[in-house]
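Letter by letter, the chains look like this.
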Amino acid sequence: MSPVNYPNRLYNPSMAIDRFGRNIHYLRISLTDHCNLRCIYCMTEDQTFRPNPELMQDDEILLLTRLFASLGFDKIRLTGGEPTVRAHVVDLVRGIVSTEGVRSVSMTTNGVLLKKLAQPLADAGLHRVNVSIDTLDPEKFHRLTRWGKLQDVWDGILAAEKAGLTPIKLNAVVVKGYNEEDVVDLARLTVEHPWQIRFIEMMPFADVTDVQTEQIITAAQIQDRIESKLGRMEASNDGKLDGEARVFHLPGAQGDVGFISSVTHPFCSACTRARLTADGRLRLCLLREKEVDLLTPLRAGASLDELRQLLLDGVWQKPWGHGLAEGIIPLNRAMNEIGG
Ligand code: SAM
Ligand code: SF4
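Remember, it's a predicted structure, so these values are computed and weren't measured experimentally.

## What about the confidence of the model for the protein chain?
Then, in step 1: In the predicted model, the protein chain carries a mean pLDDT of 93, and 96% of its residues have values of at least 70.
Then, in step 2: This model gives residues 6-11 a pLDDT under 50, and the stretch forms 11 contacts once residues within four places in sequence are excluded.

## Overview of the packing of aromatic side chains
Then, in step 1: Enumeration over the complete set of coordinates arrives at five aromatic pairs.
Then, in step 2: When the centroid spacing of 5.7 Å and the interplanar angle of 70° are considered together, the rings of Trp 154 and Trp 195 count as edge-to-face. Here the residue Trp 154 occupies a position in helix α5 (residues 150-162), and Trp 195 occupies one in the loop between α6 (183-192) and β6 (196-200), the gap between them amounting to 41 residues.
Then, in step 3: Aromatic ring contacts, followed pair by pair, group Phe 199, Phe 248 and Phe 259 into a single cluster.
Then, in step 4: Seen from the ring of Tyr 26, Lys 75 lies directly overhead, with NZ or CZ sitting 4.3 Å from the centre.
Then, in step 5: The ring of Tyr 178 has Arg 143 sitting right over it, with the charged end atom 4.1 Å from the ring centre.

## Focus on the nonpolar core
Then, in step 1: Core analysis: the largest hydrophobic core is formed by 103 residues, its most contacted members being Phe 199 and Ile 226.
Then, in step 2: Setting aside anything within four residues of it in sequence, one finds Ile 226 in contact with Val 183, Val 184, Ala 187, Phe 199, Gly 231, Met 233, Leu 250, Val 257 and Phe 259.

## Description of the site of ligand 2
Then, in step 1: Close to ligand 2 lie Cys 35, Leu 37, Arg 38, Cys 39, Cys 42, Met 43, Gly 81 and Asn 110, which account for all nearby residues.
Then, in step 2: A class-by-class count of the residues in the shell around ligand 2 yields five nonpolar, two polar and one charged.

## Here we look at the site of ligand 1
Then, in step 1: The local shell around ligand 1 holds 19 residues, among which Tyr 41, Gly 81, Glu 82, Ser 132 and Met 203 are the closest.
Then, in step 2: Take Thr 109: an N or O atom from its main chain is 3.3 Å from an oxygen atom of ligand 1.
Then, in step 3: Across the complex, the protein chains shield 95% of the 540 Å² of accessible surface that ligand 1 would expose by itself.
Then, in step 4: Of all the secondary structure elements, the ones that give two or more residues to the shell around ligand 1 are β3 (104-109) and β5 (169-173).
Then, in step 5: Across the shell around ligand 1, the residue classes break down as seven nonpolar, 10 polar and two charged.

## Structural notes on the pairing of strand β8 (residues 246-249)
Remember that side chains alternate between the two faces of the sheet whenever the strand is regular.
Then, in step 1: Of the strand pairs in this sheet, strand β7 (residues 234-235) and β8 are connected by two bridges, and their pairing is antiparallel. Residue pairing for β8: Glu 234 is matched across the bridge by His 249.

## Considerations on the sheet that holds β3
One key point about sheets: their strands pair by backbone hydrogen bonds, in either a parallel or an antiparallel sense.
Then, in step 1: Overall, mixed pairing links the 12 strands, which are arranged β7-β8-β9-β6-β5-β4-β3-β2-β1-β10-β11-β12 in an open sheet. Across the chains shown, the open sheet's two edge strands, defined by having one partner strand only, are β7 and β12 (291-293).
Then, in step 2: Direction of pairing for strand β10 (residues 273-276) relative to strand β11 (residues 281-283): antiparallel, over a ladder of two bridges. The residue bridging Leu 276 from the neighbouring strand is Leu 282, located in β11.
Then, in step 3: Against the sheet, helix α2 (residues 89-97) contacts β2 (75-79) and β3, and its axis sits at roughly 150° relative to β3.

## So, the side chain of Ser 106
Then, in step 1: Following the sequence through the fold, Ser 106 ends up in strand β3.
Then, in step 2: Judged by its relative accessible area of 6%, Ser 106 falls in the buried class.
Then, in step 3: What Ser 106 contacts, discounting residues up to four positions off in sequence, is Ile 76, Arg 77, Leu 78, Leu 126 and Arg 128.

## Comments concerning helix α10 (residues 304-316)
Then, in step 1: Here α10 is 13 residues long and its end C-alpha atoms lie 18 Å apart, about the 18 Å a rise of 1.5 Å per residue gives.
Then, in step 2: Turning to α10, its buried residues are Leu 307, Leu 311, Leu 312, Gly 314, Val 315 and Trp 316.

## With respect to the pattern of salt bridges
A pair can form between side chains of opposite charge whenever their charged atoms are brought close.
Then, in step 1: In total, this model carries 21 salt bridges according to the counting rule given.
Then, in step 2: Linking Asp 185 and Arg 188 is a salt bridge whose minimum nitrogen-to-oxygen distance equals 2.6 Å. Linking Asp 185 with Arg 188, this pair stays in helix α6, spanning three residues, or about one helical turn.
Then, in step 3: A relative accessible area of 39% places Asp 185 in the partly exposed class.
Then, in step 4: On the basis of relative accessibility, which here comes to 40%, the residue Arg 188 falls in the partly exposed class.
Then, in step 5: A salt bridge links Glu 337 to Arg 333, with the nearest nitrogen and oxygen atoms 2.9 Å apart.
Then, in step 6: On the basis of relative accessible area, Arg 333 is assigned to the buried category, the value being 6%.

## A short note on the packing of α2 against helix α3 (residues 114-123)
Then, in step 1: Interhelical geometry of α2 versus α3 gives an angle of 25° and a closest axis separation of 9 Å. Classified by the angle between their axes, α2 and α3 sit roughly parallel to one another. The element α2 and its partner α3 pack so that their crossing is right-handed. Along its contact with α2, which presents Val 89, Val 90 and Val 93, the element α3 presents Leu 117, Pro 120 and Leu 121.
Then, in step 2: For the contact of α2 with α3, a count of residues per class yields six nonpolar, no polar and no charged.

Rules used throughout
Residues numbered from 1 in each chain as written. Chains lettered and ligands numbered in written order. Predicted model: local features only at pLDDT ≥ 70, side-chain atom pairs only at ≥ 80, totals over all residues. Heavy atoms only, no water. pLDDT = per-residue confidence, 0-100. Contact = heavy atoms within 4.5 Å. Phe/Tyr/Trp six-rings, centres within 6.5 Å; stacked < 30°, edge-to-face > 60°. Helix = DSSP H or I, 4+ residues; strand = E, 2+ residues; numbered from the N terminus. Lys NZ or Arg CZ within 6 Å of the ring centre and 35° of its normal. Core = buried A, V, L, I, M, F, W, Y, C linked by side-chain atoms within 4.5 Å. Buried < 20%, exposed > 50% of the residue type's maximum accessible area, 1.4 Å probe, protein only. Near = heavy atom within 4 Å. Nonpolar A, V, L, I, M, F, W, Y, C, P; charged D, E, K, R; others polar. Polar contact = N/O pair within 3.5 Å; in protein donor to acceptor, adjacent residues only side chain to side chain. Areas by Shrake-Rupley, 256 points an atom, 1.4 Å probe, with all protein chains shown as cover. Pairing = 2+ DSSP bridges. Axes fitted to C-alpha atoms, helices over the stretch in contact; angles between N-to-C directions. Expected span 1.5 Å × (residues − 1). Salt bridge = Lys/Arg side-chain N within 4 Å of Asp/Glu carboxyl O. Parallel < 35°, antiparallel > 145°, perpendicular 65-115°, else oblique. Left-handed = near helix turned anticlockwise from the far one by under 90°.

So, in structure tokens, the structure goes:
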């Protein structure tokens, strides 16, 4: 579908609407760029991180959340880097959940610390988690994450389920030469568990672009492999997208299998998202470099009205979609600073 440029008169000062008429109301906040793993598709092993003063501080995150919520952002996802390594993450969640206008708060996490944190996060009001798990083979898991122990993540998933952070969604990035065969066992999890496993096509960013472009496995290839071993899947959710995922279920399964094909079948026309990077920049499209700095003006004493205007003007300029098909790769940041 080709984009329609809406005239300026649609500009509504109390809602974040872009120039194509999309109402942007889903905010993904990267709480930190730091991480306790080093996944090969996300960062290099010797990745360095921003010093803490460059990251948004707790009061800044809460203030910016209020600002976004006042413009109709009602759905928030906390991500990173690894959001659970952020100091005071439980208090931050409590503050974000209680922000007027915010209706749903979820988290994307590698799950390593969930065994300990799932219950406190649930008690603080967190609604749901997506946990990343790319394989059920401990050795391959270690190879993909460089530092991770599969058992920690598995314990984390069970702790999240016990704490009521449901429905549980699992994210798997599939990398040629690493885990393309493992998609079958991951999909099979949904037979016995009411979980949704979502296979994500690997996207290219800075620092590890070679791996990301040369070792990509497409959603269609993953689906073929699963169906060749486990039988044909039927569409779930009346064939409609669930968030960004096309969802299916295996015969008799309790859960769903989803595919996020951002590279081969982008869902840009239906995008309602904006992102706040760990250093306080409004990122308008995951795969475009365009950003609006909110933190520097905030620290320089900008009024709430001035910040609101910056935010609205930024959203108005949200790019229609990414340019991967034209070979345009965003290189100004690695994935961990944006949060996925
Ligand atoms: N550390 C948390 C985690 O791994 O879930 C949250 C941040 S991580 C950047 C968010 C999601 O992005 C994860 O599901 C991760 O697997 C995915 N991801 C990381 N690098 C990616 C890439 N190059 N392409 C597609 N997804 C990627
Ligand atoms: Fe860390 Fe998540 Fe990136 Fe893996 S994908 S290195 S867990 S931020």
